[in-house]
Amino acid sequence: MEVLYKMKTRFQIQELLGIGLTLVVLGIGLAYGLEVMGDVQSDMTASSSEYNATQNAIEGVSKIPEKMPTIATVIVAAVIIGILVTYLWGRFQ
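Quick caveat: nothing in here was measured; it's all calculated off a predicted structure. (Residues numbered from 1 in each chain as written. Predicted model: local features only at pLDDT ≥ 70, side-chain atom pairs only at ≥ 80, totals over all residues. Heavy atoms only, no water.)

**Observations concerning the overall build of the protein**
Scanning the protein for helices and strands turns up 3 helices and 0 strands. For the protein, the succession of helices and strands along the chain, N to C, is α-α-α. Counting contacts in the protein only where the partners sit at least 6 residues apart, residues at least 24 apart contribute 64% of the total. Of the accessible surface of the protein, which amounts to about 7700 Å², a share of 66% is contributed by carbon and sulfur atoms. (Helix = DSSP H or I, 4+ residues; strand = E, 2+ residues; numbered from the N terminus. Contact = heavy atoms within 4.5 Å. Areas by Shrake-Rupley, 256 points an atom, 1.4 Å probe, with all protein chains shown as cover.)

Spelled out as structure tokens, the structure:
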């Protein structure tokens, strides 16, 4: 006996609010994290391996906020594509 399930999925624009808040919190967390890392680095001896490791970590983490617009664009595009696919799937089924 074969049972077929009709898939019902609903996307709403309100889902973008949670994604937006997540990106804002991520940005704030990264900003404070970089500030703390800078404070830690200032307590170290210049040109030591610890100082250089902290500098490399700061440079690496500081590149993440540069990518936030790209990440937000990809998330919004994925939600829009999901809404369109769900709409078209239901319309032509």
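Read on, since the account is not over.
**Some remarks on the side chain of Q41**
One can find Q41 in helix α1 (residues 15–42). Those residues in contact with Q41, other than ones at most four positions away along the chain, are Y51, T54, Q55 and I58.

**What about α1?**
In this model, α1 (28 residues) spans 41 Å end to end at C-alpha, consistent with the 40 Å of a helix rising 1.5 Å per residue. Those residues of α1 that sit buried are L23, L30 and Q41. (Expected span 1.5 Å × (residues − 1). Buried < 20%, exposed > 50% of the residue type's maximum accessible area, 1.4 Å probe, protein only.)

**Overview of the side chain of T54**
Residue position: T54 is located in helix α2 (residues 49–62). Residue class for T54 comes out buried when judged on its relative accessible area of 12%. Those residues in contact with T54, other than ones at most four positions away along the chain, are M37, Q41 and M44.

**Observations regarding a nonpolar patch on the surface**
Residues V76, I80, L84, Y87, L88 and F92 make up a contiguous nonpolar surface patch of about 610 Å² in total accessible area. Inspection of the secondary structure puts Y87 in helix α3 (residues 68–91). Taking relative accessible area as the criterion, Y87 reaches 48% and is therefore assigned partly exposed. (Patch = residues over 30% accessible without salt bridge, like charges linked within 9 Å, V, L, I, M, F, W, Y side chains within 5 Å. Salt bridge = Lys/Arg side-chain N within 4 Å of Asp/Glu carboxyl O.)

**Here we look at unusual backbone geometry**
One non-glycine residue, S47, lies in the positive phi region at around 70 degrees. For S47, the position within the fold is in the loop between α1 and α2.

**Quick notes on the confidence of the model for the protein**
Averaged over all residues, the pLDDT of the protein is 83; the fraction at 70 or higher stands at 86%. Per-element mean pLDDT across the protein ranges from 84 in α3 up to 92 in α2. (pLDDT = per-residue confidence, 0-100.)

**So, the packing of α1 against α2**
Direction vectors running N to C along α1 and α2 enclose 165 degrees, while the axes themselves pass 10 Å from each other. Between α1 and α2, the crossing angle belongs to the class labelled roughly antiparallel. Crossing handedness for the pair α1 and α2: left-handed. Of α2, the residues touching α1 (which contributes L30, L34, M37, G38 and Q41) are Y51, T54, Q55, A57, I58, V61 and S62. Taken together, the residues that form the contact of α1 with α2 break down as 7 nonpolar, 5 polar and no charged. (Axes fitted to C-alpha atoms, helices over the stretch in contact; angles between N-to-C directions. Parallel < 35°, antiparallel > 145°, perpendicular 65-115°, else oblique. Left-handed = near helix turned anticlockwise from the far one by under 90°. Nonpolar A, V, L, I, M, F, W, Y, C, P; charged D, E, K, R; others polar.)

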